Amino acid sequence: MKRLLTMAAMAIFVSVAAMAQIGESSSKKIETTYTTTTTTVTVDKSPSKGYSGMLEVNIGGGSAFAFGVTNVHGYQINPYIFAGAGFGVNYNLTDYYESVCLPVFADFRATVPFGNSPVAFFGDVRVGYTVISSYESDVYFSPTIGIRVGRNKAATFGLGYEYVDEESLFTFRVGFEW
C-alpha cells in the first residue's frame, strides 16, 4: 500500500510539473487578435444648399486704379453652383479723371472641392450695368477665379478682370461668405 501511495503521489507530481511546463510554453505562443471597425466619414467642403451671401473688398490696377466693396446675395443651387445678384461701390482713378461706379449685376459661381481639404476652387462671372458718377451707365463684366477656405462660412481670395467704363482692370478680391 505504501508503494501504491508513493507511485500515485509521484504520478500526480509528474503530471502537475508537466502541465506547468506546457502552460508556460503555450503562454509564450498566445497571440492576441483585435478586431477593429473602420468608419469612413465623407466631409463635403462645398457650400451647402440654400441662401448664401458674400461681402468682398477689391483692389484693381491696370489702365486705372480701383478700390471697391461688393455685396452679393443669392441661392446655392447645389454644393457646386451659386446664382445671385449684387451691387457695389467702386472708386476709379485714371490719369484723366476719377469716378465712382455703382455696379448692379447678376453673379454666377461654380465651386470645385479639392479632395478632403477645406480649400475649394471657384470660378465667378458677374454681368450687369454700372452707373458712373450719376451721369452715364455702362456695361459691367467681371470674371474671377480663386480659392475659398471653409464650408458654409468661408474666406475667399480671387484674381479677376473687370470691365467698367471702357477701362480694363485686373482685380484682387478678398471676401467672406456666409
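Residues numbered from 1 in each chain as written. Predicted model: local features only at pLDDT ≥ 70, side-chain atom pairs only at ≥ 80, totals over all residues. Heavy atoms only, no water.

S.K.: For this particular structure, what's the right way to read the overall build of the protein?
M.R.: Across its full length, the protein holds one helix and eight strands. The helix and strand sequence of the protein, counted from the amino end, reads α-β-β-β-β-β-β-β-β. Across the protein, the fraction of contacts at a sequence separation of at least 24, relative to all contacts at a separation of at least 6, is 46%. With the model as given, the accessible surface of the protein reaches about 11,300 Å², and the carbon-plus-sulfur share is 68%. (Helix = DSSP H or I, 4+ residues; strand = E, 2+ residues; numbered from the N terminus. Contact = heavy atoms within 4.5 Å. Areas by Shrake-Rupley, 256 points an atom, 1.4 Å probe, with all protein chains shown as cover.)

S.K.: For this particular structure, what's the right way to read the environment of L169?
M.R.: Looking at the secondary structure, you find L169 in strand 8 (residues 167–177). Classification of L169 by relative accessible area gives buried; the value is 2%. For L169 and A66, which are 103 residues apart along the polypeptide, the C-alpha to C-alpha distance reads 7.9 Å. Those residues within four positions of L169 in sequence are excluded, and the remaining contacts are G61, A64, A66, N92, G160, Y161 and E162. (Buried < 20%, exposed > 50% of the residue type's maximum accessible area, 1.4 Å probe, protein only.)

S.K.: Explain the packing of aromatic side chains here, please?
M.R.: Two numbers describe a pair of aromatic rings. These are the distance of the centres and the angle of the planes. Counted by the stated rule, this structure contains four aromatic pairs. For the pair F114 and F121, a centre-to-centre distance of 5.5 Å together with 80 degrees between the ring planes defines the contact as edge-to-face. Classification of F121 by relative accessible area gives partly exposed; the value is 41%. With a centroid separation of 6.0 Å and an interplanar angle of 65 degrees, the aromatic rings of Y161 and F170 are classed as edge-to-face. By relative accessible area, which is 60% here, F170 ends up exposed. Between R109 and the ring centre of F122, over which it is positioned, the NZ or CZ distance is 4.1 Å. (Phe/Tyr/Trp six-rings, centres within 6.5 Å; stacked < 30°, edge-to-face > 60°. Lys NZ or Arg CZ within 6 Å of the ring centre and 35° of its normal.)

S.K.: Got a minute to help me understand the pairing of strand 7 (residues 154–164) in this structure?
M.R.: Remember that side chains alternate between the two faces of the sheet whenever the strand is regular. A one-sided burial pattern is seen for strand 7, the buried positions being A154, T156, G158, G160, E162 and V164 and the unburied ones A155, F157, L159, Y161 and Y163. The pairing of strand 6 (residues 136–150) with strand 7 spans eight bridges and is classified as antiparallel. Counterpart to V149 in the pairing with strand 7 is A155. A loop of three residues connects strand 6 with strand 7, the two strands running antiparallel in sequence. (Pairing = 2+ DSSP bridges.)

S.K.: Teacher, can you tell me more about the nonpolar core here?
M.R.: Of all hydrophobic cores here, the largest spans eight residues; its members are M54, V72, F82, C101, F105, I132, Y140 and V164. Setting aside residues no more than four positions away along its own chain, F105 makes contact with T70, V72, G84, A85, G86, F87, G88, R126, V127, G128 and Y140. (Core = buried A, V, L, I, M, F, W, Y, C linked by side-chain atoms within 4.5 Å.)

S.K.: Would you mind showing me how to read the sheet that holds strand 5 (residues 119–132) here?
M.R.: Picture the strands of a sheet paired through backbone hydrogen bonds; they go either parallel or antiparallel. Reading around the circumference, 1-2-3-4-5-6-7-8 is the order of the eight strands in this closed barrel, with antiparallel pairing throughout. Each strand of the sheet is rotated relative to its neighbour by a mean of 25 degrees, with strand direction disregarded. Bridge count for strand 2 (residues 65–76) against strand 3 (residues 81–93) is twelve bridges, and the pairing is antiparallel. Note that in strand 3 the partner of F67 across the bridge is Y91. (Axes fitted to C-alpha atoms, helices over the stretch in contact; angles between N-to-C directions.)

S.K.: Help me understand the pattern of salt bridges, please; the structure alone is not making it clear to me.
M.R.: It is possible for side chains bearing opposite charge to pair when their charged atoms get close. In the structure shown here, the tally under the stated rule is eight salt bridges. Its salt-bridge partner being D124, residue R126 comes within 3.4 Å of it at the nearest N-O pair. Each member of the pair, R126 as well as D124, carries the same accessibility label: buried. (Salt bridge = Lys/Arg side-chain N within 4 Å of Asp/Glu carboxyl O.)

S.K.: How should the environment of V125 be read in this particular structure?
M.R.: Along the chain, V125 falls in strand 5. Setting aside its immediate chain neighbours within four residues, V125 contacts A106, D107, F108, F141, S142 and P143.

S.K.: Would you mind going over the environment of E177 with me for this structure?
M.R.: Position of E177 among the secondary structure elements: in strand 8. Overall, E177 belongs to the buried group, its relative accessible area being 3%. In sequence terms E177 and G53 are 124 residues apart; their C-alpha atoms lie 5.7 Å from each other. Engagement of the side chain of E177 in a polar contact is seen with the side chain of R109, the distance being 2.5 Å. (Polar contact = N/O pair within 3.5 Å; in protein donor to acceptor, adjacent residues only side chain to side chain.)

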